[in-house]
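Residues per chain are reported as follows:
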Amino acid sequence: MRITILGSAAGGGFPQWNCNCRLCDGVRLGRIRAQRRTQSSIFIAPEGGVDGVLFNASPDILEQIRSQPALQPARAIRDTAIAAVVLMDGQIDHATGLFMLRERGSPLPLWCTDPVEEDLRQGNPILRVLGHYCGVDRHRIAIDGGTFEIPGVAGLGFRAMPLSSKAAPYSPHREQSVPGDNIGMLITDRRTGRSAFYAPGLGEITPPVFDAMAGADAVLVDGTFWTDDEMIRLGLSQKTARDIGHLAQSGPGGMIEWLDRLPARTRRLLIHINNTNPILDEDSDERAVLRQHRIDVCEDGMLIQI
Ligand code: MLT
Ligand code: MN
Ligand code: ZN
């Protein structure tokens, strides 16, 4: 399968519009070696296929599509390679780009869990608003461990699992998570048998999550924060990474330790990186630590062939 990293940053992107932290300022002024990044989204197509699935519709979607001609194959006067959109949660960085796809000539095939659909009809009624434009053809993602297929993307199989993370602030279950607020996805190319596990928001690695990761050829997992108290130390928030549903990379029980336990052949990639995370600085000690652990950091425009 072919995975295109459309946006590798967390909500806010990098640099964030109002942020003058060392990293945002550094990349803005060219003082550090770092890549600008748009908000969290990937595109996956089966080996040899044109049409694929957009995972998350970020507010940067139009810029992301413009920079990836493969997403616009131009087989008709209006055309797209996006056969369907899958949402990993109902947060702003993953869902508000749906507004930008409103010019479709037919309802947008949209796959999400029940709690995410509810949040996008009530708390942030994107789906109701879209009903005045192209509308959505909503398909329910079940979190019962079953595999499913997405019409128009022959050759890929999907399996969703509930994750411990956080619903958006406008969700009635922001503080009392329900299964399906956030999901991880195992995507398998049926022809090659190769698979990837994607989880941009991952607060806790439970045994079923680790099993899914260990069975995949590549994992693209939560790279939001380096330390649990990163935002507190910078004086930007009162909340820890855990409080907002993200497992930090460093420290005991952190993401690096989990990734170290994967089979040697597994490709390890961090995605959904917050603008405060020192790994964005390619010359940082933290980035060197990742290199020692054979962990890559996703960048916008990166192509991952699995
Ligand atoms: C998150 O995953 O915590 C988000 O990136 C928050 C946001 O979009 O504001
Ligand atoms: Mn996010
Ligand atoms: Zn910043």
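Residues numbered from 1 in each chain as written. Chains lettered and ligands numbered in written order. Predicted model: local features only at pLDDT ≥ 70, side-chain atom pairs only at ≥ 80, totals over all residues. Heavy atoms only, no water.

In the nomenclature of an unreviewed UniProt entry, the protein is known as Coenzyme PQQ synthesis protein B of Ideonella lacteola. The protein has a UniProt comment under Function (unreviewed entry) that states "May be involved in the transport of PQQ or its precursor to the periplasm." (UniProt positions renumbered as here; feature names shortened; annotations may be inferred.)

1. A short note on the sheet that holds strand β5 (residues 108-112)
In spatial order, the strands read β6-β5-β4-β3-β2-β1-β14; together these seven strands make up an open sheet with mixed pairing. The strands lining the two open edges of the sheet, one partner per strand, are β6 (136-140) and β14 (303-305). For this sheet the average axis-to-axis angle between neighbouring strands, irrespective of direction, equals 25 degrees. Direction of pairing for strand β1 (residues 2-7) relative to strand β2 (residues 41-45): antiparallel, over a ladder of five bridges. (Pairing = 2+ DSSP bridges. Helix = DSSP H or I, 4+ residues; strand = E, 2+ residues; numbered from the N terminus. Axes fitted to C-alpha atoms, helices over the stretch in contact; angles between N-to-C directions.)

2. A short note on the coordination of the manganese ion (ligand 2)
Around the manganese ion (ligand 2), the protein contributes the donor atoms D93 (OD) and H272 (NE2), which lie 2.1 to 2.2 Å from the metal centre. With D93 in helix α3 (residues 92-95) and H272 in the loop between β12 (267-271) and α9 (285-292), this residue pair connects regions lying 179 residues apart in the sequence. Here D93 matches H272 in class, with each residue buried. (Donors = N, O, S within 2.8 Å, 3.2 Å for Na, K, Ca; no water. Buried < 20%, exposed > 50% of the residue type's maximum accessible area, 1.4 Å probe, protein only.)

3. Concerning the site of ligand 1
Taken together, G11, Q91, D93, H246 and H272 make up all the residues around ligand 1. D93 is positioned with one of its side-chain polar atoms (N or O) 2.9 Å from an oxygen atom of ligand 1. Measuring from an oxygen atom of ligand 1, one finds a side-chain N or O atom of H272 at 3.2 Å. For ligand 1, the protein covers 71% of the area, taking 270 Å² as the surface of the free molecule. (Near = heavy atom within 4 Å. Polar contact = N/O pair within 3.5 Å; in protein donor to acceptor, adjacent residues only side chain to side chain. Areas by Shrake-Rupley, 256 points an atom, 1.4 Å probe, with all protein chains shown as cover.)

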